[in-house]
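Observations on chain architecture
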Amino acid sequence: MSSSSSEQQYSNLAQENVPAPEIAKVRIEDDRTGMSEETLKRAIADSLYYVQGKGEFFATLHDYYMAVAHSVRDRILQRRIKTAETHMENRVKTVYYLSAEFLMGRYTGNSLINLGLYEKIKTVLKESGLELDDLLEKEREPGLGNGGLGRLAACYLDSLATLEIPAVGYGIRYEFGIFEQVIRNGWQVENPDKWLSFGNAWELPLPEYRVEVKFGGHTEVYDDRNGRYQSRWVPQQKVSGVPYDTPVPGYGVDTVNILRLWKAEATDEFDLQAFNAGDYIGAVGSQMFSENISKVLYPNDDTMQGKELRLQQQYFFVSCSLQDILRRHQQIFKTIDNLAEKAAIQLNDTHPSVGIAELMRLLIDEHQMSWDKAWDITKNTFAYTNHTLLPEALEKWPVALFGRLLPRHLEIIYEINFRFLAEVRRRYPGDLEKISRLSLIEEGDERKVRMAHLACVGSHKINGVAALHTELLKKDVLHDFYELFPEKFINKTNGVTPRRWLLLGNPRLARLITDKIGTDWIKNLDELRKLEKFIDDKEFQQNWRDIKQANKQELAKLIQKSNGITVDTNSLFDVQVKRLHEYKRQLLNAFHIITLYNEIKKNPQADILPRTFIFAGKAAPGYFIAKLIIKLINAVGSVVNSDTDVAGRLKVAFIPNYNVSSSQFIYAGAELSEQISTAGKEASGTGNMKFALNGALTIGTLDGANVEIREEVGEENFFLCGLTTPEVYELKAKGYNPRSYYESNSQLKEVIDLIACGQFSDGDRGLFNPLLDSLFNQDRFMLFADYQSYIDTQAKVSQAYRNKENWTRMSILNSARMGKFSSDRAIWEYCQEIWNIQPCKVSLDEYSTDRAGLKIL
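Residues numbered from 1 in each chain as written. Predicted model: local features only at pLDDT ≥ 70, side-chain atom pairs only at ≥ 80, totals over all residues. Heavy atoms only, no water.

- By the naming in an unreviewed UniProt entry, the protein chain is Alpha-1,4 glucan phosphorylase, taken from Plectonema cf. radiosum LEGE 06105.
- Quoted verbatim from the Catalytic activity (unreviewed entry) heading of the UniProt record, the comment on the protein chain is "[(1->4)-alpha-D-glucosyl](n) + phosphate = [(1->4)-alpha-D-glucosyl](n-1) + alpha-D-glucose 1-phosphate".
- The heading Sequence similarities (unreviewed entry) in the UniProt record of the protein chain holds the text "Belongs to the glycogen phosphorylase family." (UniProt positions renumbered as here; feature names shortened; annotations may be inferred.)

Shown next, in the form of structure tokens:
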């Protein structure tokens, strides 16, 4: 049960002065909360019988998985209830993390790790003839994100709970997630991701806390009873938002926070009058409109309908969340005047930035607050994390669309802009260009609302997610705002949770580390530095190599299962897994494969280091060029993998439907991490951190967090390639001519010509022309300029890999020096420098299982 539910019932009880009913005094059986192996065995049996309704002769593996999940959830909910009580009793400040994505991964294994029950449950199941790994495979992974943004949010929720920071994550319960990726004839095909087909053991629906969200219509002006000018929103449509809570346990603590996801439902699901009149489609029209909002993550926005649905999604979850925040806050504090002192709302990128206008609407229209007071509360409550340096990723909505869907919010944004630009004019009198650049409204053929601008104006802090990224925000993307509000800007380099990405994802390596330095590293990643004293220990080096080899074998099994390809586990596992985008330059990686292929074809006896190239990642459904890159990678793989001249030296595998579960195998088995985005384009990256934490060496540009990773691990343990950010800027300023690189580099020319002649497209010379045309005519991300540096650095990688002892030494140092990149460190910095919040200790001590009172129900 959510904290809100517990709080509401307790509040009602206190107000009515009614003694706790006898049912509340009944002893809660220890089988629901006990932690011993014998109790856990009984608990799983009880869940199988009384939750799944199955006996041992009828139970499937999925039934056993659900029984385990519910048994673990019972123990988490005991801690969740205690957490809610503790937070309420201490009237704590709470962090509310708003994100369009939460890529949580499978819950059960992570929950077992954080509760300290993993080995106990494994033993209990083994005694019953079951394997925990087999059961965990039955859990459908929620596809509620598409990469770093959503996975970062998940890591931060884990760290917030582990650090015992009161927090709630808010997002959308997408019915079909993003999509299930299938590779058919080399092309990405998108199928619905039916992750809810068999239910979700971890979510708790709370229909009693549904809220109403409005869309469309118009506004009306009126004078309130005090004679003040007011605006009233008369909506065209209304949608219900129903919350579903997922508990998020911290590691080694009793704190359990929540992730609250919203499902869209019709306020009136069925129009009986329309049905009786024979309009069977019209009878459920409201339901179809409403439920579309929470169907799919990031609907294709190539059409105006797609754009409208995206804006509907963003406003829907933001409005639901802010209404919920105000309800909870007012229930505890009896006022919203102190919202900024007791609530910190973090905008994870621009997707939830409409929340600034929505909070103003709620405070002014619903709570009758003055503009100045409402604005002071709003800007001191919100903080904004920027995640991009790409101008096209800074969301802008056509004014016509925005006004049609959210007419009252457009009025509020105009008012914010009017007052803001008045301040700008006072600071920069006569500077019309600066006023135009800073305006929340972009003028032009089609006027647009600039959502990043709204986030900057309406937040008290603006942070980048890597040192370089933050500097580039100040210098370029948000330079005018930095000049105006330098005190708002702050850096918070991203981090990843060691619980998911080492303790759960790479148990062999985690055990070796623990055997050598103890368990403190799990909550203090800086402890990994103690591994450095073993870097020249021959036995430790051999154990390190053996673990990597075992992990490579597991990854090879995944490749065989998903691709039908047998790979050489003695080859270098060269890995690039991430969202498919031109700036991430998977295409440059493909050029390297073709370069090696050409070398072998020209000289079959060439001494080429055996490599297995592993790719994974999804392209947005409407992103044609990204999907064409996937096709090229698979086409190159098809040719390379079947060529007898290449046999035993090169293999290419594109693992479909990349997700958290598969990534755990990939990070653990990887030896070379490809982080080759154009310098100045990647905000941070977190895959680079996960790879290095698991002992992979990085080949990368000085981009995003690569810069800080290289500083931490040492430049001698990092394979650097490509132009620097200043060099990129300088080359563009001079006038970059990609064709000149093509004409002057014979190796590059051979690569491009081989693609152009149809070598990888069954003779179809036109298939990859859109890729080649974009490179020759623009090459926006400078693949041609960085090609030779990348190829030369890859040759250094091959040379280094042949020296197994030194490669192992470098691998150990990469893991040992990853302390800075823990999400615990990142969250603690947010707490101290942005949110102004302290931990709240939660303890089950003296919290007996027969404690009376409706509070615990």
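Here we look at the confidence of the model for the protein chain
- When pLDDT is averaged along the protein chain, the result is 92, and 93% of the positions lie at 70 or above.
- Every residue in residues 1–29 scores below 50 in pLDDT, and together they form 52 contacts with partners more than four places removed in sequence or on other chains.
- Here residues 846–857 is a poorly scored stretch, pLDDT under 50, and it has 35 contacts once near neighbours within four places are set aside; other chains count. (pLDDT = per-residue confidence, 0-100. Contact = heavy atoms within 4.5 Å.)

Things to note about the sheet that holds strand 14 (residues 441–442)
- Read across the open sheet, the three strands follow the order 13-15-14; overall the sheet is antiparallel. Two strands lie at the open edges of the sheet, namely strand 13 (396–398) and strand 14, each paired on one side alone. (Pairing = 2+ DSSP bridges. Helix = DSSP H or I, 4+ residues; strand = E, 2+ residues; numbered from the N terminus.)

Structural notes on helix 18 (residues 467–477)
- Among the residues of helix 18, those classed as buried are H469, T470, L472, L473 and K474.
- The elements touched by buried residues of helix 18 are strand 16 (462–464), helix 19 (479–484), strand 17 (489–491) and helix 28 (725–734). (Buried < 20%, exposed > 50% of the residue type's maximum accessible area, 1.4 Å probe, protein only.)

Looking at helix 22 (residues 538–563)
- In this model helix 22 runs 36 Å from its N-terminal to its C-terminal C-alpha over 26 residues, within 8% of the 38 Å that 1.5 Å per residue would give.
- For helix 22, the set of buried residues is F540, Q541, W544, I547, K548, A550, N551, K552, L555, A556 and I559.
- You can read the cap of helix 22 off the contacts: a side-chain oxygen lies 3.0 Å from the backbone nitrogen of E539, and it is on D537. (Expected span 1.5 Å × (residues − 1). Polar contact = N/O pair within 3.5 Å; in protein donor to acceptor, adjacent residues only side chain to side chain.)

Quick word on the nonpolar core
- Ranked by size, the top nonpolar core spans 197 residues in total, and within it F316, F402, W521 and W835 carry the most contacts.
- With 10 residues, helix 10 (residues 304–333) is the largest single contributor of residues to this core.
- Setting aside residues up to four positions removed in sequence, F316 forms contacts with V213, F215, V239, S240, G241, W262, K263, A264 and I293.
- Formed by 71 residues, the second largest nonpolar core is a distinct cluster that contains A590, L650, L783 and W807. (Core = buried A, V, L, I, M, F, W, Y, C linked by side-chain atoms within 4.5 Å.)

Some remarks on the pairing of strand 9 (residues 237–249)
- Buried residues dominate strand 9, accounting for 11 of its 13 residues.
- With two bridges joining them, strand 5 (residues 204–205) and strand 9 adopt antiparallel strand pairing. Note on strand 9: the bridge partner recorded for P205 is Y244.
- Judged from the five bridges that link them, strand 6 (residues 211–215) and strand 9 form a sheet pairing that is antiparallel. Residue pairing across strands places F215 opposite Q237, the latter belonging to strand 9.
- Two elements, strand 9 and strand 10 (residues 256–266), share 11 bridges in a ladder whose sense is antiparallel. Note on strand 10: the bridge partner recorded for P249 is V256.

Thoughts on the environment of L587
- Positionally, L587 belongs in helix 23 (residues 586–602).
- As for L587 and I633, which are separated by 46 residues in sequence, their C-alpha atoms are 7.8 Å apart.
- Setting aside anything within four residues of it in sequence, one finds L587 in contact with I629, L632, L771, L775 and L783.

Considering the packing of helix 3 (residues 61–89) against helix 4 (residues 107–115)
- Contact geometry of helix 3 with helix 4 gives a least axis separation of 10 Å together with a crossing angle of 40°. Accordingly, the angle class assigned to the pair helix 3 and helix 4 is oblique. As helix 3 packs across helix 4, the resulting crossing turns out to be left-handed. Contacts from Y65, V68, A69, V72, R75 and I76 of helix 3 reach helix 4 at T108, S111, L112 and L115.
- Within the contact of helix 3 with helix 4, the residues separate by chemical class into seven nonpolar, two polar and one charged. (Axes fitted to C-alpha atoms, helices over the stretch in contact; angles between N-to-C directions. Parallel < 35°, antiparallel > 145°, perpendicular 65-115°, else oblique. Left-handed = near helix turned anticlockwise from the far one by under 90°. Nonpolar A, V, L, I, M, F, W, Y, C, P; charged D, E, K, R; others polar.)

With respect to the state of the cysteines
- One pass over the structure, following the stated rule, counts zero disulfides.
- Here C840 stays unpaired: no disulfide links it, and the sulfur of C831, its closest cysteine neighbor, is 13 Å away. (Disulfide = S-S within 2.5 Å.)

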